[in-house]
Amino acid sequence: MTKEKSENTEIEILNAAKEIFQQKGMDGARMQEIADKAKINKALLHYYYRSKQLLFEAVFKNAFSLLAPQLNSVLNDDSDLFEKIRNFTNSYISFVIKHPYLPNFVIQELNKNPEFVLKLREQKNFPTIDTFKTQVNDAIKNGVIKPIEAEQLFINIISMNVFPFIGKPLLMALTNTDKKEYDRIVQKRKTEVATFIIDAIKI
């Protein structure tokens, strides 16, 4: 098997597995079903991934690696705190609109296998909030924002960005909106979330 063919086959496997895992979760997915989706036989699938768990972890890492560098870049660039909040919100929501499976996928695995995050932390470009924390503390000292723990602020930002995606069916029902209207609301949150948070913390 040539290197190019091998890489293409692996990409097909990961794409097929991503779709099946997203639809049925780790427990509901079957290796034969993934092999059929990738248009390969089960033996070849096992050649690449000896178990469903290893395949799931590969798909998970691949999914997370798409988002992590982008968020890490925003969190640690030279923009001021308010601009950072705006950029983070816009980047996250824009990305997840293009990859809507990702939030549920990440949360599903972390809830089931919390120690897996330790493996993620070893990856290059895993997001850190060190620069963000320094900026928050400086902004408090300089009288720019109200006193708040940087960790609390970061959790607030993450929560307001993530929940509209993982809670989409519930929120659509509660707000009595169809998919088109809900998508419009989510698009608007690229700026709404940042504005709400900044208005809540600034002096």
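Residues numbered from 1 in each chain as written. Predicted model: local features only at pLDDT ≥ 70, side-chain atom pairs only at ≥ 80, totals over all residues. Heavy atoms only, no water.

- For the protein chain, the name recorded in an unreviewed UniProt entry is TetR family transcriptional regulator, with Flavobacterium weaverense as its organism.

**Examining the UniProt feature "DNA-binding region" (unreviewed entry) in the protein chain**
Thought 1: The feature "DNA-binding region" (unreviewed entry), as annotated in UniProt, sits at residues 30-49 in this numbering.
Thought 2: Taken end to end, residues 30-49 is 75% helix and 0% strand, and its two terminal C-alpha atoms sit 13 Å from one another. (UniProt positions renumbered as here; feature names shortened; annotations may be inferred. Helix = DSSP H or I, 4+ residues; strand = E, 2+ residues; numbered from the N terminus.)

**Section: empty space enclosed by the protein**
Thought 1: A full pass over the atoms with the stated rule returns 1 cavity of 30 Å³ or more.
Thought 2: For the largest cavity, the full set of lining residues is Leu 75, Lys 84, Ile 85, Phe 88, Phe 132, Phe 154 and Ile 157.
Thought 3: Listed by contribution, the elements that provide at least two residues to the lining of the largest cavity are α5 (81-98) and α9 (150-166).
Thought 4: Counting residues per element, the lining of the largest cavity draws most heavily on α5, which supplies 3 residues.
Thought 5: The residue inventory of the lining of the largest cavity, partitioned by class, reads 6 nonpolar, no polar and 1 charged. (1 Å grid on protein atoms, 1.4 Å probe; cavity = no way out; pocket = protein on both sides within 12 Å on 5 of 7 lines; lining within 4 Å. Points joined across faces, edges and corners; volume = space filled by probe spheres on them. Nonpolar A, V, L, I, M, F, W, Y, C, P; charged D, E, K, R; others polar.)

**Some remarks on the layout of surface pockets**
Thought 1: What the largest pocket holds in volume is close to 620 Å³.
Thought 2: Phe 64, Leu 71, Val 106, Phe 154 and Ile 158 are, among the 23 residues lining the largest pocket, the residues nearest its centre.
Thought 3: Elements with a minimum of two residues in the lining of the largest pocket: α4 (52-75), α5, α6 (102-112), α7 (116-121) and α9.
Thought 4: The class makeup of the residues in the lining of the largest pocket is 21 nonpolar, 2 polar and no charged.
Thought 5: Estimates place the volume of the second largest pocket at around 280 Å³.
Thought 6: Around the second largest pocket, the lining is made up of 14 residues, and of these Val 96, Pro 100, Phe 165, Lys 168 and Asp 183 lie nearest the centre.
Thought 7: Taken together, the elements giving at least two residues each to the lining of the second largest pocket come down to α5, α9, α10 (168-175) and α11 (179-201).
Thought 8: Tallying contributions element by element places α11 first for the lining of the second largest pocket, with 5 residues.
Thought 9: Of the residues contributing to the lining of the second largest pocket, the split by class is 9 nonpolar, 2 polar and 3 charged.

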